[in-house]
Amino acid sequence: ITSSSIEMKAKVLTWVTLVILLALGIFTYFRFFYVFADGVKAGELNQFAYKGYVWKTYEGRLIQAGFKGSAGNVGAASVESYIFDFSVADEEVANELMRCSGKNVELHYKEYLGRLPWRGMQKHIVDKVISSSPISE
């Protein structure tokens, strides 16, 4: 084994390692930090809590009510609700939501492709409360 072949193997190993690290970095960015979607959800804030075993995070549940037409019965409609589970990373937003339990709220959120334990248990992270109002009967 010559010294030039050892140098060549070291160069190849260095480049392979750099490419693997770069690919891992790109994967990590897109999986955990790239904002896949952002939008607004509105509904009744059903639950909001600060919970967790190792990382305590703010977790909430929004209930969105709506009407859905029945496919078999023309003209028949049923009331259906959709549950939107979310996490909150910002303590100021969490404190605002703590005061909104049981109210109708509009929330701005960001959706990520993966979850980070210190950011929350959900892929949807609420970053702003747009509005809140009492539930009208």
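To start, this report covers the structure provided alongside it.

Reading the values: rules and limits
Residues numbered from 1 in each chain as written. Predicted model: local features only at pLDDT ≥ 70, side-chain atom pairs only at ≥ 80, totals over all residues. Heavy atoms only, no water. Helix = DSSP H or I, 4+ residues; strand = E, 2+ residues; numbered from the N terminus. Buried < 20%, exposed > 50% of the residue type's maximum accessible area, 1.4 Å probe, protein only. Contact = heavy atoms within 4.5 Å. Polar contact = N/O pair within 3.5 Å; in protein donor to acceptor, adjacent residues only side chain to side chain. Core = buried A, V, L, I, M, F, W, Y, C linked by side-chain atoms within 4.5 Å. Phe/Tyr/Trp six-rings, centres within 6.5 Å; stacked < 30°, edge-to-face > 60°. Lys NZ or Arg CZ within 6 Å of the ring centre and 35° of its normal.

1. So, the overall build of the protein
Phase 1: From N to C terminus, the protein includes two helices and five strands.
Phase 2: When the helices and strands of the protein are listed from N to C terminus, the series reads α-β-β-β-α-β-β.
Phase 3: Looking at the protein residue by residue over its 137 residues, the buried ones come to 23%.
Phase 4: Expressed as a percentage of contacts within the protein between residues at least 6 apart in sequence, the contacts between residues at least 24 apart total 59%.

2. With respect to the side chain of His 108
Phase 1: Topologically, His 108 is positioned in strand E4 (residues 104-112).
Phase 2: One polar contact links His 108 to Asp 38, side chain to side chain, over a distance of 3.4 Å.

3. Quick look at the nonpolar core
Phase 1: Core analysis: the largest hydrophobic core is formed by 16 residues, its most contacted members being Phe 48, Phe 86, Val 88, Leu 97, Leu 107 and Val 126.
Phase 2: Beyond its immediate chain neighbours, meaning those up to four positions away, Val 126 contacts Phe 86, Ser 87, Val 88, Ala 89, Val 93, Leu 97, Leu 107, His 108 and Tyr 109.

4. Structural notes on the packing of aromatic side chains
Phase 1: Here the structure, examined in full by the defined rule, presents nine aromatic pairs.
Phase 2: With centroids separated by 5.1 Å and ring planes inclined at 50°, the aromatic side chains of Phe 30 and Tyr 34 adopt a geometry described as tilted.
Phase 3: Assessed through its relative accessible area of 40%, Phe 30 is described here as partly exposed.
Phase 4: Seen in terms of ring centroids, Phe 48 and Phe 86 are 6.2 Å apart; in terms of plane orientation they differ by 25°. Their pairing is stacked. One end of the pair, Phe 48, is in strand E1 (residues 35-51); the other, Phe 86, is in strand E3 (residues 77-88), and 38 residues separate them in sequence.
Phase 5: Exposure remark for Phe 48: the relative accessible area of 12% places this residue in the buried category.
Phase 6: Taking the relative accessible area as the measure of exposure, Phe 86 reaches 0% and is therefore buried.
Phase 7: The rings of Phe 48, Tyr 50, Tyr 58, Phe 84, Phe 86 and Tyr 109 are connected pair by pair, giving a single aromatic cluster.
Phase 8: Here Arg 119 stacks its cationic end above the ring of Tyr 112, 3.8 Å away from the centre of that ring.

No statement about biological role is implied by the geometric values presented.
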